[in-house]
Amino acid sequence: MNAQFHTVEPYESLVLPDWDEAITDYAAGNLSPAKHAIIACLVELNPKAAKKSAFETDVAATLMAATQEVPLSLFFIEETLAKLPYCASILKAANDCSKPGPTPKPLRDLMDGQGLRDIVWKSFIPGVAIHNVLGDRRTRFGERLYLLRIKGGMPMPEHSHIGEEWALILKGGYMSEGQHYARGDLHFADATMVHSPKIDIGEDCICLVMTEGPLKMKNWLTKIIQKLVGI
Amino acid sequence: MTTKRTPRAGGFTPSKTSVSAAKRDAVWLSDIASHRDEQALSDLFEIYGPKLKGWLMARGVGNGTAEDLVQDVMIKVWTGAHMFDPAKASFATWVYRMTRNKWIDHQRKHGRMDVRDPELMKIIADDEVPSAEENFMSQQSADILRDEIAKLTEAQQMAIRMAFLEFKTHKEISAETGLPLGTVKTRIRSAINALKSNMARQQERLL
């Protein structure tokens, strides 16, 4: 039998410093639902992230097997056996092999099976539209998870953040602080940064964004619209 | 089947029987997939159920909810057994991943301030299909991994446990221990890298 390790190599070419740690927290199950969703999508799009996540999930699983066991209640197994579905539903599951598309599966799962082309976008300002993924308002963790679609060639309104912002690029790309981001790249920004990413000319850019608090818009008009759409 | 734990500063010793355990799990899975063997499913969860429940309860999940989540996972193993490929992942990794994702999903559903249609939420919660992804280790390699973790230095084992078993993000660990975030990151990363390079050496030996 072939030992199927994912190849082990140092992460020499990592540009993003926080990415590494986020994968470890993801593998261990320590992230909030919004951050977990972002990293799950990153892992699907980014082979390096996938490699690291696979190794660390193996580690986490190995350690799970070594945690303190808690006995199941007396009739747990019997009760579960009584609830098992019949073969019909098993066959259905077997056929449920959805093909990989532009929308990462973890995201589609959160959007009731919808893909990027099916969803309804809310206009934010001309050229910028949003679609809320986790609720219309903040989650208990104080985070928002939404999709942002920005017209090619446009600069995003200048803004900073109350907390962290994680943006996973799903389509198109942009420049921010002298660095280019494209599909499968994860862009971290913290509360100290004021930025205005400039979208590539030609193609619209779609990002999956997690923000820990509301964005702080520089412009008063965008501030008002922001209140209305709830990001 | 018990993994004996001997004191090594809270570490755990590798199980000599892990390879046969791997084969055993794989046989049970194929029995479930091929002829809906309920006994095989029961046997699997006699072993893994208490581990998964323990993992959940260590995260503060109550007894009843922990069992509900383990039950969901057990049903998924039943309906998804045909998708399990022992050459691509160990059963432990497969079932751990399902449990971890169930737990995140549970937090998502119960952590919302806005209430959406409960029927819709039910549909969303149920549609995750378990899959054994290519990137994971084979069962054989996962057994080596267990041995390699046990061979790390105490400090390295502690860092790994801190990251994977204390259920805290790097930031939370930093806040609690008073260690700078950079130090926490470096310690955890260097322990993971040590584990990786040891695994790489083992890999070369096998090929």
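A tally of helices and strands in chain B yields nine helices and zero strands. Put simply, chain B runs from its N terminus to its C terminus through helices and strands in the order α-α-α-α-α-α-α-α-α. Going through the 207 residues of chain B one by one, you find that 56% of them count as buried. Considering only residue pairs separated by 6 or more positions, chain B has 65% of its internal contacts joining residues 24 or more positions apart.

Helix length check: helix α3 (residues 63–80) of chain B (18 residues) gives 25 Å between terminal C-alpha atoms against 26 Å at 1.5 Å per residue, within 8%. Counting buried positions along α3 of chain B gives 13 out of 18 residues, so the element sits mostly inside the fold.

Consider a sheet: its strands pair through backbone hydrogen bonds, and that pairing is either parallel or antiparallel. Residue and element names in this part refer to chain A. Strand order across the open sheet formed by six strands is β1-β2-β3-β10-β5-β8, with antiparallel pairing between neighbours. The two strands at the open ends of the sheet, each matched to only one other strand, are β1 (122–125) and β8 (186–189). When the angles between neighbouring strand axes are averaged without regard to direction, this sheet yields 30°. Direction of pairing for strand β2 (residues 128–132) relative to strand β3 (residues 144–150): antiparallel, over a ladder of five bridges. Paired with V128 across the two strands is I150, which belongs to β3.

What follows concerns the packing of aromatic side chains. Per the counting criterion, the structure on display carries seven aromatic pairs over all chains. Ring plane angle 40° and centroid distance 5.5 Å describe the contact between Y174 of chain A and Y181 of chain A, whose orientation is recorded as tilted. For Y181 of chain A, a relative accessible area of 5% puts it in the buried group. Aromatic pair F84 of chain B and F91 of chain B: ring centres 6.1 Å apart, planes at 80°, arrangement edge-to-face. With respect to class, F84 of chain B is no different from F91 of chain B; both count as buried. If you follow R149 of chain A out to its NZ or CZ, it ends over the ring of W121 of chain A, 4.9 Å from the centre. In this structure, R100 of chain B is placed above the aromatic ring of Y26 of chain A, and the distance from its NZ or CZ to the ring centre is 4.5 Å.

Turning our eyes to something else, we now look at the pairing of strand β10 (residues 205–211) of chain A. All names here are of chain A. Most of β10 is tucked away: seven of the seven residues are buried. Because side chains alternate across β10, one face comprises the buried residues C205, C207, V209 and T211, and the other comprises I206, L208 and M210, equally buried. Pairing geometry for β3 and β10, over seven bridges, is antiparallel. Following the sheet pairing, Y146 is matched in β10 by V209.

Turning our attention to the pairing of β8 of chain A. Each regular strand displays side chains that alternate between the two surfaces of the sheet. Residue and element names in this part refer to chain A. Going residue by residue along β8, you find L186 and F188 tucked away on one face and H187 and A189 tucked away on the opposite face as well. Note that strand β5 (residues 165–171) and β8 share four bridges and pair antiparallel. The partner of E165 across the bridge, within β8, is A189.

Our focus in this paragraph is the side chain of D25 of chain A. With respect to the helices and strands, the residue D25 of chain A is situated in helix α1 (residues 19–28). For D25 of chain A, which is buried and forms no salt bridge, the nearest opposite charge comes from K35 of chain A, at a distance of 7.9 Å. Setting aside chain neighbours within four positions, we find D25 of chain A in contact with N30 and L31 of chain A together with K168, T169 and H170 of chain B.

All names here are of chain B. Confidence along chain B averages 76 in pLDDT terms, with 73% of residues attaining 70 or more. Per-residue pLDDT stays below 50 along residues 1–14; that stretch engages in 32 contacts with residues further than four places along the chain or on separate chains. Confidence drops under pLDDT 50 across residues 112–134; counting only partners more than four residues distant or on other chains, this segment forms 47 contacts. Reported for the predicted complex are a pTM of 0.75 and an ipTM of 0.80.

Within the largest apolar cluster, 61 residues are counted, with the highest numbers of intra-cluster contacts made by F45, V77 and F164 of chain B. In terms of residues, this core owes the most to one element, helix α2 (residues 38–58) of chain B, which gives nine residues. Per-domain counts for this core show at least three residues from each of domain 1 (15–128) and domain 2 (131–207) of chain B. Those residues within four positions of V77 of chain B in sequence are excluded, and the remaining contacts are L29, L41, L44, F45, F91, W94, V95 and M98 of chain B. Counting 35 residues, the second-largest nonpolar core is a separate cluster that includes W19, I39, V43 and L116 of chain A.

Once that is clear, we can look at the packing of α1 of chain A against helix α3 (residues 47–64) of chain A. Residues and elements named next belong to chain A. Packing of α1 against α3 leaves a shortest axis separation of 8 Å and a crossing angle of 40°. Between α1 and α3, the interaxial angle falls into the category oblique. Crossing hand, α1 versus α3: right-handed. Residues W19, D20, I23, T24, Y26, A27 and A28 of α1 form the contact with α3, whose participating residues are K48, A49, K52, S53, E56, T57 and A60. When grouped by side-chain class, the residues that make up the contact of α1 with α3 number seven nonpolar, three polar and four charged.

About the thresholds
- Sequence order sets the numbering: in each chain, residues are counted from 1 along the sequence as written.
- Naming scheme: in the order in which they are written, chains are lettered from A and ligands are numbered from 1.
- Restriction of local features to residues with pLDDT of at least 70 applies here, the model being predicted, together with a cutoff of 80 or more for giving and counting side-chain atom pairs; totals for whole chains, interfaces and linings are based on all residues.
- Working from all heavy atoms in the structure, the side-chain values ignore hydrogens and water.
- Secondary structure is summarised from DSSP: a helix means a run of H or I of at least four residues, a strand means a run of E of at least two, and numbering begins at the N terminus for each.
- Exposure categories follow from relative accessible area, calculated using a 1.4 Å probe and restricted to protein chains: below 20% of the type maximum is buried, above 50% is exposed, and the middle band is partly exposed.
- Any two residues whose heavy atoms approach within 4.5 Å at even a single point are treated as in contact.
- How far a helix is expected to stretch is found by multiplying one less than its residue total by 1.5 Å.
- Strand pairing requires that DSSP identify at least two bridges connecting the strands.
- To get an axis, fit a line to the C-alpha atoms, keeping to the stretch in contact for a helix; angles then go from 0 to 180 degrees between the N-to-C directions.
- Each aromatic pair joins two rings of Phe, Tyr and Trp (for Trp, the six-membered one) with centres within 6.5 Å, and gets the label stacked for planes under 30 degrees apart, edge-to-face for over 60, and tilted for any other angle.
- Whether a charge lies above a ring is judged from NZ of Lys or CZ of Arg, which has to be within 6 Å of the ring centre and within 35 degrees of the ring normal.
- All tallies of charge rest on Lys and Arg as positive and Asp and Glu as negative; His and the ends of each chain are not included.
- Salt bridges, as used here, are contacts in which a Lys or Arg side-chain nitrogen is within 4 Å of a carboxyl oxygen on Asp or Glu.
- Per-residue confidence from the predictor is reported as pLDDT, a score between 0 and 100.
- Residues enter a nonpolar core if they are buried and are Ala, Val, Leu, Ile, Met, Phe, Trp, Tyr or Cys, with the set joined through side-chain atoms within 4.5 Å.
- All domain edges in this entry derive from an automatic or database-based domain assignment.
- Any angle between 65 and 115 degrees counts as roughly perpendicular, while under 35 counts as roughly parallel, over 145 as roughly antiparallel, and the rest as oblique.
- What makes a crossing left-handed is the near helix being turned counterclockwise from the far one by less than a right angle; a clockwise turn instead makes it right-handed.
- Think of it as three bins: nonpolar holds Ala, Val, Leu, Ile, Met, Phe, Trp, Tyr, Cys and Pro, charged holds Asp, Glu, Lys and Arg, and polar takes everything else, Gly as well.

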